[in-house]
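# Structural description and commentary
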Amino acid sequence: MLRTLITKHGVLFVTILFWLACVIASPVFLSSSNIMNLLVQMTVLTTVGIGLTIVMVTGEIDLSYGGTVALGATLLAKLIGGEWPTAWSILTVVGSAAVIGLITGLIIVKMRLPSFIVSVAAMFVLDGLNFAIGGGTTLWITEPSALSLVNGRIGIIPYPAVFLVFLVLVTGYMLERTRMGAHLEATGQSVTAAHFAGLNPFHLKLLAFTIAGVLYGVGTTIQALRMSGAMRFAGQDLLLPVMTVAYFGQTVFRVGRPNLWGTVLGALLVASLENIFSLIRAHFAFVPIIEGLVLVSAVSLSAMRERRIVQIQM
Amino acid sequence: MNQPLSPSRPVRIAGINVSRKIVSFPIRYGFLLTFVLVIGVLVAVAPGFLSPMNLAGNVLAEASILVTISLGMTAVMLGGGVDLSVGAVAGISGMTMALLVSKAGWGILAASLVGIACGTVAGVISGVLVGYVGISPFIATLAAIFWIRGSQYVIAATGGMQGAGTSIYLSNLTGYLQQVVLGLPTSAWIVLITVGLAHLSLEKTQSGRQLRFVGMNIFAALYSGLSVRRLTMYSYVVSGVLSSLAGVLLVIRQGYVMMGTGESYLLNAFAVPIIGMAAFGQLSVFGTTLAAFFVVFIVNGLSILGMDISFMNVLTGVLLFISVVLAGIRRRIQGD
């Protein structure tokens, strides 16, 4: 009984305790300006994390965002720097990211290759392309109309926070309330069962990879505009946090399955960790240590019941 | 998998029917032929590729690092896991070694042993988390990257390094790997000894064979009465030892250490065993070793020809992709 309770709700409970600790440790943590900051900080993480989650829901994994995010940012900086209209530049970046997602998915699904390895290879290649196009230096974005997209506010709410709420609602509705979401989940639970139920798992997986590509494209756009430019290691810096968020997501709400609300909670948690550490001016060495501890303890709590050894299918 | 080979039945590759005989030759010997071909081309095209200075100073020194760290990854992959923390482990052991040598005045051998001990502890922790607690290797070793990075900051701060951008220089060590002992440079001895020991411990001992069995079918291994948890843990400890050895070698080779040193080796350490697997049909110590040399030869040759080092990643990505396609085709020819 207690074990089931801990396995199912332990992580949520500990997360709430952590937020209580944050509020006690720093009185400004709950101030409206800090909450807005927190929402803006978690936007990119959530966007890319939801993309990864959608792929994981179908039973695959996609680490190519490490390359897509880097390449997308460079492309955006180049296009806006080349006097393209902002809207067209952003659409091009999101479109290319979708095509990249589609191609990665096609290779994995059509040739029946392990998604982990193929997406890592894709990440290498995309990062190399990024280097070839961007030359390995920071490309700045100075166009004010583009930058105003992330710096503007409605009342006190910054645009990225508005977008974040919109994105979570739309993808949440899509995954949890529509027929398509149920089909994606069915594919992930069992490809064979989904096939015999009359679904086409191949198409559903392709769909997941493409949607993920779109989200990576949106994520990289927000990231590049917030940083006012394309950094050389923008993609690699996002690699581990996004994985953390998606894997943390598996430990809450629907334990053991990747799920959207878990991912959003994970992104909120990672963003609050970094936020609270800068608020209380903790030594920077503690940030990664605590992040690692949080991840391990969350997963240990939810793995407590079975304690079986998990293996990776290469 | 259990069906007998049927050479007459064609195999479908990307929707096209291809005769099995035509496919199986390049799959069997393709890697070795390519390996010889690449070396031949590099000898012909890249000036000074075969010079002893290049071979001992660059190729062998670089290979000793890549072989060691990839063998660590191979050990874990044999047991059906993956270790994302190999690069971070290399970093922390290298930094411990460098600080002991430069700030505490220790001898290099003693300092290296302490560095390797650090990496072993990291391996034990990941092994316990995967084998006994039951966390996915992805998550356990991903978390390991974080806490190792944090511990590295602490070690660096206690050692007197200010800020994240500073580095410690150990310029008097850089010649160490090129020193000739008994007719061969030290790096060659390190490669020989590491590969030999890894071969013995992973392919020739009972534990090594049992580990491979665990990787092939964990339930069968469990029902055969093997201590699956202990074997899984063993593989992560081997990985910890080998990747920290690689970290020590890396610091000796490049002569300095800073925050994040070694982390870039993760993706190569991941790619090399898979290239080796595609070449020989299964994970093996020799396959990994050959694949590591293959990558080092190509990178070295291309950098002699003036290619930018950053394209190394693209190259590894393409090699990884070709390998995984080949492994998929091979699986389909043998089984299907």
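Right above here is the structure, for reference.
As a convention, each chain's residues are numbered from 1 in the sequence order in which they are written. Chains and ligands are labelled sequentially in the order written, the chains with letters from A and the ligands with numbers from 1. Residue-level local features of this predicted model are given only where pLDDT is at least 70; pairs of side-chain atoms are given and counted only at 80 or more, and the full residue set underlies all totals for whole chains, interfaces and linings. No hydrogens and no water enter the side-chain calculation; it runs on all heavy atoms of the structure.

### With respect to the overall build of chain A
Definition in use: Strands are runs of DSSP state E lasting at least 2 residues, helices are runs of H or I lasting at least 4, and numbering of each runs from the N terminus. Values of the radius of gyration come from C-alpha atoms, whereas the globule rule sets the reference at 2.2 Å times the count of residues to the power 0.38. Relative accessible area decides the class of each residue, using a 1.4 Å probe on protein chains only: under 20% of the type maximum gives buried, over 50% gives exposed, and in between gives partly exposed. We call two residues contacting when some pair of their heavy atoms lies within 4.5 Å. Exposure was quantified through the Shrake-Rupley algorithm and a 1.4 Å probe, taking into account, for residues, occlusion by the shown protein chains and nothing else. For the purpose of charge, His is not counted, nor are the chain termini; Lys and Arg are scored as positive and Asp and Glu as negative. Note on charges: their place is set at NZ of Lys, CZ of Arg, CG of Asp or CD of Glu.
Along chain A, the regular secondary structure elements total 13 helices and four strands. Relative to the compact-globule value of 20 Å for 314 residues, chain A shows a C-alpha radius of gyration of 20 Å, a close match. Dimensions along the principal axes, computed over C-alpha positions, put chain A at roughly 60 × 55 × 35 Å. When the 314 residues of chain A are sorted by exposure, 56% land in the buried category. Here the analysis covers contacts within chain A between residues at least 6 apart in sequence; of these, 77% occur between residues at least 24 apart. About 13700 Å² of surface is accessible on chain A, with carbon and sulfur atoms providing 68% of the total. Considering chain A, the positive charge centre built from 17 side chains and the negative charge centre built from 11 side chains are found 10 Å apart.

### Examining the nonpolar core
Under the convention used in this document: Among the buried residues, those of types Ala, Val, Leu, Ile, Met, Phe, Trp, Tyr and Cys that are joined through side-chain atoms within 4.5 Å form a nonpolar core.
The biggest cluster of nonpolar side chains holds 196 residues, and the ones touching the most others in it are I54 and Y65 of chain A together with F138, F270 and L320 of chain B. Top contributing element to this core by residue count: helix 2 (residues 52–78) of chain B, with 14 residues. When residues no more than four places from it in sequence are discounted, the contact partners of L320 of chain B are I117, V120, A121 and F124 of chain A together with F270, A271 and I274 of chain B.

### Looking at a nonpolar patch on the surface
For the record, the criterion: Like charges are joined within 9 Å and nonpolar side chains (Val, Leu, Ile, Met, Phe, Trp, Tyr) within 5 Å, but only among residues with over 30% relative accessible area and no salt bridge; these make up the patches. Within this document, salt bridges are pairs made up of a side-chain nitrogen of Lys or Arg and a carboxyl oxygen of Asp or Glu, the two lying within 4 Å of each other.
Nonpolar side chains collect at one region of the surface, where F13, V14, I16, L17 and L20 of chain A lie side by side and expose about 480 Å² of accessible area between them. Residue placement: F13 of chain A occurs in helix 1 (residues 2–25).

### Details of the side chain of D62 of chain A
All names here are of chain A. Inclusion rule: Two N or O atoms form a polar contact when they lie within 3.5 Å of each other; inside protein one atom must be a possible hydrogen donor and the other a possible acceptor, and for residues adjacent in sequence the pair counts only when both atoms belong to side chains.
With respect to the secondary-structure elements, D62 resides in the loop between helix 2 (32–57) and helix 3 (65–81). Within the buried core, D62 has no salt-bridge partner, and the shortest N-O distance to an opposite charge, that of K205, equals 13 Å. Within the structure, D62 has its side chain in polar contact with the side chain of S64 (distance 2.6 Å). At 3.2 Å, the side chain of D62 forms a polar contact with the side chain of Y216.

### Overview of unusual backbone geometry
All names here are of chain A. The backbone of R112 sits at a positive phi, close to 55°, despite the residue not being glycine. Within the element layout of this structure, R112 appears in the loop between helix 4 (86–110) and helix 5 (115–134). Residue classification places R112 among the exposed positions, given a relative accessible area of 58%. If you check the backbone angles, S228 has positive phi at about 55° while not being a glycine. The topology assignment puts S228 in the loop between helix 10 (201–227) and strand 4 (229–230).

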